[in-house]
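Survey of secondary and tertiary structure
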Amino acid sequence: MGGWRRRIAPYGLLGPGAIWLALFFVVPMYFMGEMALRSGSLESGGFAMTWQWSNFADAVTGYETQVLRSFLYAGAATVLALAIAYPLAYAIALRAGRWKLLLLFAVVAPFFTTYLIRTIAWKTILADSSPAVDILQFLQVVPPDGRVLATGGAVVAGLTYNFLPFMILPIYASLERMDVRLIEAAKDLYASSAKAFWRVTLPISAPGVVAGVLLTFIPAVGDYVNALLLGGAGQAMVGNVIQSLYLQQRDYPEAAALSFLMMAAILVVVVVYLRLAGTGAFMGDEDEEARA
Amino acid sequence: MTAAWRWLRHNALMIYAGLAVAYMLAPIAVIALFSFDQTTRGKLDYDWSGFTLEYWRDAFGEPAVNEALLTSLQLAAVSTVVSTAIGTMMALALVRHRFRGRAVSNLLIVLPMATPEIVIGAALLSMFLIYGIALGFTTLFIAHVMFSISFVVIVVRSRLIGFDRSLEEAAADLGARPLTAFRTITLPLIAPAVVAAALLAFALSIDDFVISNFNSGTTETFPLYIFGVSLRGIPVQVNVLATLLFAAAVAGIAAVLLQQRRGEMIAAVRPEREPALYQEA
C-alpha cells in the first residue's frame, strides 16, 4: 500500500502542471506548425490544410531584412547589457555590503511598473530636445541637429534597458555564490588583481554570463514593443511583422511560418553559442586549473 | 589631489553602481513626475507645464482605466492562485521524488522560458483559431497560468533543495499522517518561497503585454488598454495608478523583508547559539 502510494505520488503532484504545459505550450507549437502549412483567407471562408510549404519560402524571401535586423539589434542590446550588467552585478555581489539589498531591489524595481509605460517613459527621455538628448548632442555622440527617437539606436537602447535585469540577476547569482577566499588565494600566489579576475572570478561567473546572455537575447529577438514605440518606420523587427500579420492582416499561415522560422533561427544561434561558450576559453581554463 | 584620486579609484565601482541604478530607475521617476503635470486635455503630453495634484485627487476618475486595471487585477489574482498551486506541486515532485520522466518534466519547465513571448502568444492563438475557441478572459487565464508555472517551479524548487527533512520525519514518527505533516510542517517552512513565487507570478501576469495581445479578443487588461490609447493620448490617471502600484509593491516588499528580519532575530535566540554567548561571557 505504502510503496504503491510512493510510486504514484510524484505523478499526482506533477500531473496538473505537466498537463497544463503540454496542452497549452507543446500542443500549440504543433498547431502553429500546422497553421504554417495551410492556405486560404478569412474572406474565402477560412484556412484549409493544403501542405503549403511555399509559406516558408515566402516568409524567408519577404522579410529577411526584418529578420536580420532583429538579430542585429538583439545582439547589440545583449552586448551592451552585458557591459552594463557585469560591473553592477560584481559591485552588488562583492562590494555593496549593507547597500546590497537596496541595490538588488533597484535592479528588480522596473518590474513593478508596466513594461509598456516604462517604454513610453523612454520615449519621453529620448524625445527631441529632451535634456538627455541635449547632453548627447553636447558630447557629440549625436550630431547637433540629429535625433535619437525613431532611430535604430533608440530601439537598441530600449531593448537594452528592458532586458537588463535578466542579465544582471544570473550574473549576480553566480558571483554571490563564489567563495571570495579564491581571490585571496590567487593574490597570495602573486597574481595581480587583473590576473586574479581573469583566471578566477570570470571563469566562476561564466555560467551566470551564459544564462544572462540567453535570457536577454532570446526575448529581445522576438520583441516588437520597443521597435514600435521607440523606432521609426525603418526599424521594424521580425516581431512587428509577425504581430501585424497575425493581428492586423490576419494572414495566419504566413505569420505562423515566420514565427516558426524565427524560433528555428533562435535555436540555431543558441546551440552555436552554447557550443562556443561550453568549450571556449572560460571553461577550458577552469578545467585545466582543476586538473593542475 | 592624490587623496581625491585614490578615493575615486577605491570607490569607482560603487559610484558606477549608483549611476547604473539611477539609469534603471530613470523611467520610473519620469512616470511619477508626469503624474503631477498640468496638461490641457487630461492626456499625457510629457511636456512639463506645471505642478498639480489634480490627477492624484481624481485618481479613479477615468472609468476605462479603472475597468482595465480591475480586469488585470482579477486576471492576475486567479492565474496566480492556480499557477502557484500547481507549480508548487511540480516543484515538490521534482525535488522529493525520483521517477521516470523527470528529465522530460524539467525540459517542459525550462522550454517556455527559453521561447520568445511572441512565439508563445502566436502558437496559442493558432490553436485557439483552429479549434474556434472564443478569445477573452478564459484564454488570457489559460495563457497567464501557462507562462507563470515555470517561474513558480524554479523559485519554490530552489528553496526545497536545501530543505531539512528531519522535522517531517519526526512528525511522521509521532504518528502524523502525510497530509497533516505537510500542512503543519512542510508548508510553513516553504511558505516564504511560495509567497515569493506567487508575487512573481502576480507581477508577470499584471505586466504581460505580448502574450495577452495575441489572446485577449476584446477583453482589455491594463497594458492592453494603454497600448490601445497610446496613439490617441494616455489619460494622466494611468501614470497616477502606475505610481500607486509601484508604491504598493515597494511597501509590500519592505513588509516582507522586515518580517523576515524579525524572523531571523527570533531564530537567533535558538539554543544552539548559546555556547557562543557563554564564550563571550
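All figures in this text were calculated on a predicted structure; none of them were measured in a lab.

It is worth spelling out the overall build of chain B at this point. Across its full length, chain B holds 12 helices and 0 strands. Along the chain direction, N to C, the helices and strands of chain B fall in the order α-α-α-α-α-α-α-α-α-α-α-α. For 281 residues, the compact-globule formula gives about 19 Å, and the C-alpha radius of gyration of chain B, at 24 Å, lies well above that figure. Its C-alpha atoms give chain B principal-axis dimensions of about 75 × 70 × 40 Å. When burial is assessed residue by residue, chain B has 37% of its 281 residues classed as buried. The long-range fraction of contacts in chain B, counting pairs at least 24 apart against all pairs at least 6 apart in sequence, stands at 78%.

Here we come to the overall build of chain A. Summing up its helical and strand segments, chain A has 13 helices and 2 strands in all. With respect to the principal axes defined by its C-alpha atoms, chain A has extents near 80 × 75 × 35 Å. Within chain A, the proportion of its 292 residues that are buried is 44%. When contacts within chain A are restricted to residue pairs at least 6 apart in sequence, those whose partners lie at least 24 apart make up 71%.

All right, on to the pairing of strand 1 (residues 38-41) of chain A then. Residue and element names in this part refer to chain A. As judged from the 4 bridges shared by strand 1 and strand 2 (residues 46-49), these two strands associate in the antiparallel manner. Bridging across to strand 2, S39 finds its partner in A48. Linking strand 1 back to strand 2 in an antiparallel pair, the connection comprises 4 residues, with G45 at a positive phi of about 95°.

Owing to its 3.6 residues per turn, the α-helix aligns residues three or four sequence positions apart on the same side. Residues and elements named next belong to chain B. With 32 residues, helix 1 (residues 2-33) ought to run about 46 Å at 1.5 Å a step, yet its terminal C-alpha atoms sit only 40 Å apart, falling short of that. Remark: the principal bend of helix 1, roughly 60°, maps to N11. Restricting attention to buried positions, one finds in helix 1 the residues A17, A20, V21, M24, P27, I28, V30 and I31.

With that out of the way, let us pick up the nonpolar core. Buried together is how nonpolar side chains tend to be arranged in soluble globular proteins. Ranked by internal contacts, the top residues of the largest apolar core, which has 157 residues, are A85, A89, I168 and L258 of chain A together with A122 and M146 of chain B. Two domains each provide a minimum of three residues to this core, namely domain 1 (1-26) and domain 2 (63-291) of chain A. Filtering out sequence-adjacent residues up to four positions away, A89 of chain A remains in contact with I168, I171, Y172 and L175 of chain A.

Averaged over every residue, the pLDDT of chain B is 83; residues scoring 70 or more account for 92%. Contacts for the low-pLDDT stretch residues 270-281 of chain B, under 50 throughout, to residues beyond four places or in other chains number 1 contact.

With that settled, the discussion passes to the domain arrangement of chain A. Taken domain by domain, chain A consists of domain 1 (1-26) and domain 2 (63-291). Each of domain 1 of chain A and domain 2 of chain A has a C-alpha centre, and the two are 36 Å apart.

Contacts between the two partners involve 63 residues from chain A and, on the opposite side, 57 residues from chain B. Taken together, the elements giving at least two residues each to the side of chain A that touches chain B come down to helix 1 (2-35), helix 3 (64-95), helix 4 (100-108), helix 5 (115-125), helix 9 (193-222), helix 11 (238-247) and helix 12 (252-279) of chain A. A total of 17 residues in the side of chain A that touches chain B trace back to one element, the largest contributor, which is helix 1 of chain A. Looking at side-chain class alone, the side of chain A that touches chain B contains 53 nonpolar, 8 polar and 2 charged residues.

Residues and elements named next belong to chain B. Tracing the chain through its elements places L199 in helix 8 (residues 178-207). Overall, the presence of 18 C-beta atoms within 10 Å leaves L199 in the partly exposed class. Sequence spacing of L199 and G228 is 29 residues, and the spatial spacing of their C-alpha atoms is 27 Å.

Residues and elements named next belong to chain B. Across the interface, helix 3 (residues 63-96) lies against helix 8 with an axial gap of 8 Å and an inter-helix angle of 140°. Viewed along their axes, helix 3 and helix 8 adopt a mutual orientation that is oblique. Here helix 3 and helix 8 pass one another in a crossing that is right-handed. Side by side, helix 3 and helix 8 meet where S72, L75, A76, S79, T80, S83, T84, G87 and T88 of the first sit next to V194, A197, A198, A201, F202, S205 and I206 of the second.

The rules we used
- Residues numbered from 1 in each chain as written.
- Chains lettered and ligands numbered in written order.
- Predicted model: local features only at pLDDT ≥ 70, side-chain atom pairs only at ≥ 80, totals over all residues.
- Helix = DSSP H or I, 4+ residues; strand = E, 2+ residues; numbered from the N terminus.
- Rg over C-alpha atoms; globule rule 2.2 N^0.38 Å.
- Buried ≥ 20, exposed ≤ 12 C-beta atoms within 10 Å, placed from the backbone.
- Contact = placed C-beta atoms within 7 Å.
- Pairing = 2+ DSSP bridges.
- Expected span 1.5 Å × (residues − 1).
- Bend = angle between axes of the 7 residues up to and from the residue.
- Core = buried A, V, L, I, M, F, W, Y, C linked by C-beta atoms within 7 Å.
- Domains from an automatic or database assignment.
- pLDDT = per-residue confidence, 0-100.
- Nonpolar A, V, L, I, M, F, W, Y, C, P; charged D, E, K, R; others polar.
- Axes fitted to C-alpha atoms, helices over the stretch in contact; angles between N-to-C directions.
- Parallel < 35°, antiparallel > 145°, perpendicular 65-115°, else oblique.
- Left-handed = near helix turned anticlockwise from the far one by under 90°.

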